[in-house]
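# Notes for the structure review
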Amino acid sequence: MNSTTDLFDKCLAFDDAKRVQAAGVYPFFRPIEASSGSSVVTHGKKRVMIGSNNYLGLTHHPRVQAAAKKAIDTLGTGCTGSRFLNGNLVLHEQLEERLSHFLGKEACLVFSTGFLSNQGAISSLIGRNDVIYSDRENHASIIEGTRVSIGDTVKFKHNNMEDLERVMAHTRHKYEGALLVADGVFSMSGDIFHLPQAIEIARKYNCRIYVDDAHSLGVLGPKGQGTETHFKLSQSVDIVMGTFSKSFASIGGFIAGSADVVHYIKHKARPFMFSAAMPPAAAATVLECINVVEEEPEHLENLWRNARKMSKGLKSLGYNTLDSQTPIIPLLVGDDFLAFSFTQKLYEMGVFATPVVRPAVPEGCALIRTSYMASHTDEDLDYVLDVLDKLGREFEIIGNKEREEQLAILAETHFGHTVA
Ligand SMILES: Cc1ncc(COP(=O)(O)O)c(C=O)c1O
């Protein structure tokens, strides 16, 4: 060990992002000046937004905006403390009750963010002799929860039920309690977790099931109640986790399950107990979003109409979309730098999308993550398809048989998705 090393040397040496910035293709931290939800103004120019998680477009719904403003008038702008102590609002408790009812669960607990919900719930449940079975493509907040936990984590191949069964058969006997954790809809590739098969396997090995419905709420199921309802199941997932930062147009997160489990997490999860509560306007926003979702089914219908149109359109242009079945439609491009350059060109042509590069995906498997909203118009979407047609050919991601075949092999090898 060299004790003369300065702690900050690594910061001076870190130049990954600086190199992308110097090349003029840095796609992160773009400051938004104005937004209508489906379009944003950045660097003085209006651009179609296909990089957000605002699936139902409710951030700009007049009823939702009015509820948020009213909450500020009656309760102020912040809670200035944790719910445990001075920051618990009647609004938080109303929200928990509404959500429990909406999801058909006994109880619910609202956290300040989705990230903290995963980190807090997973780490408070897992003891020294317990094990977490975690999908390899799970969200970073789940990974954080597994890292903070004092028990072991065993990973299985992405959405691969044979591998899940294999790892459980080999390891389950070594532990006391077990928790299977997976995203309901995977945030980057947009595929849906094979929940019915996973439930069968988990039950066989006496393992509890925890599903992160961040991208399924407001999206899957007849009313947007998430992955369980998508598969016409009920009471089979032990803990549903969700976030308010996507379809519910706000910020915050929750877990829902049996009253005893929720009560335990409420008194054990440090990120819940020692972090300030969701602000009044944020809680009121979510409550009104649930009302809107229940009373105005057209938002969910429009979301799926738009998602289907784009899935069909992008596939017919020749893009490899990893056969996504949801409004998250990734475009496989391969190389990281190509993904940055492609995103930059899209941006210049008025389309705001985001690249996904390593370590979020394996090396050489970069994606452009596109996602669609209920409030996109046909004009918006046709424009996006036109731009993607033109640029895809220019960058030889589409329109080149050899390249399309290479990408199909990548999809099969690294994501386990056969292209339909
Ligand atoms: C699958 C998944 N889980 C959890 C989170 C964290 O949610 P939040 O942004 O509310 O902290 C996200 C956010 O991107 C997510 O995609």
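The structure contained in this document is the topic of the report that follows. Model, not experiment: these values are computed from the prediction. (Residues numbered from 1 in each chain as written. Predicted model: local features only at pLDDT ≥ 70, side-chain atom pairs only at ≥ 80, totals over all residues. Heavy atoms only, no water.)

### Focus: the packing of aromatic side chains
Here the structure, examined in full by the defined rule, presents nine aromatic pairs. Ring centres 6.1 Å apart and planes at 90° place the aromatic pair Phe-28 and Phe-340 in the edge-to-face group. Of this pair, Phe-28 sits in the loop between helix H2 (16-22) and strand S1 (32-35) while Phe-340 is found in helix H14 (residues 336-348), placing the two residues 312 residues apart along the sequence. For Phe-28, a relative accessible area of 33% translates into the label partly exposed. Using a relative accessible area of 8% as the deciding quantity, one classes Phe-340 as buried. Relative to Phe-193, the ring of Phe-186 lies with its centre 6.2 Å away and its plane at 70°, an arrangement referred to as edge-to-face. Each of the two residues, Phe-186 as well as Phe-193, counts as buried. Among the aromatic residues, those joined into a cluster by ring pairs are Phe-102, Phe-244, Phe-248 and Phe-254. Over the ring of Tyr-347 we find Arg-30; its NZ or CZ atom is 3.7 Å from the centre of that ring. Positioned over the ring face of Tyr-347 is Arg-47, at 3.8 Å from the centre of the ring. (Phe/Tyr/Trp six-rings, centres within 6.5 Å; stacked < 30°, edge-to-face > 60°. Helix = DSSP H or I, 4+ residues; strand = E, 2+ residues; numbered from the N terminus. Buried < 20%, exposed > 50% of the residue type's maximum accessible area, 1.4 Å probe, protein only. Lys NZ or Arg CZ within 6 Å of the ring centre and 35° of its normal.)

### Quick notes on the pattern of salt bridges
For the coordinates displayed, the defined rule picks out 20 salt bridges. A salt bridge links Glu-165 to Lys-204; the shortest N-O distance between them is 2.7 Å. With Glu-165 in helix H7 (residues 161-171) and Lys-204 in helix H8 (residues 195-204), this residue pair connects regions lying 39 residues apart in the sequence. In this structure Glu-165 comes out as partly exposed when scored by relative accessible area, which is 24%. Lys-204 gets classed as exposed once you look at its relative accessible area, which sits at 57%. Between Asp-389 and Arg-393 there is a salt bridge, with the nearest N and O atoms lying 2.9 Å from each other. Here Arg-393 and Asp-389 lie together in helix H15 (residues 378-394), a separation of four residues that amounts to about one turn. (Salt bridge = Lys/Arg side-chain N within 4 Å of Asp/Glu carboxyl O.)

### Quick look at H7
Listed as buried for H7 are Met-161, Asp-163, Leu-164, Val-167, Met-168 and Thr-171. Angular distribution of buried residues about the axis of H7 spans 160°; they occupy a single face of the element. For H7, the exposed residues lying more than 90 degrees away from the buried face are Glu-162 and His-170. For H7, the capping residue at the N-terminal end is Asn-160, with a side-chain oxygen 3.1 Å from the backbone nitrogen of Glu-162. (Arc of directions from axis to C-beta. Polar contact = N/O pair within 3.5 Å; in protein donor to acceptor, adjacent residues only side chain to side chain.)

### Notes on the sheet that holds strand S10 (residues 253-257)
In space, the seven strands of this open sheet follow the order S4-S10-S9-S8-S7-S5-S6, with mixed pairing throughout. What marks the edges here is a single partner per strand, and that holds for strand S4 (107-111) and strand S6 (152-156). If you compare each strand with its neighbour and ignore which way they point, the axes differ by 20° on average. Strand direction decides the pairing type here: strand S7 (residues 178-183) and strand S8 (residues 208-212), joined by five bridges, are parallel. Bridge pairing links Leu-179 to Arg-208 in S8. Packed onto the sheet, helix H10 (residues 259-268) meets S4, strand S9 (239-243) and S10 and runs at close to 25° relative to S4. (Pairing = 2+ DSSP bridges. Axes fitted to C-alpha atoms, helices over the stretch in contact; angles between N-to-C directions. Contact = heavy atoms within 4.5 Å.)

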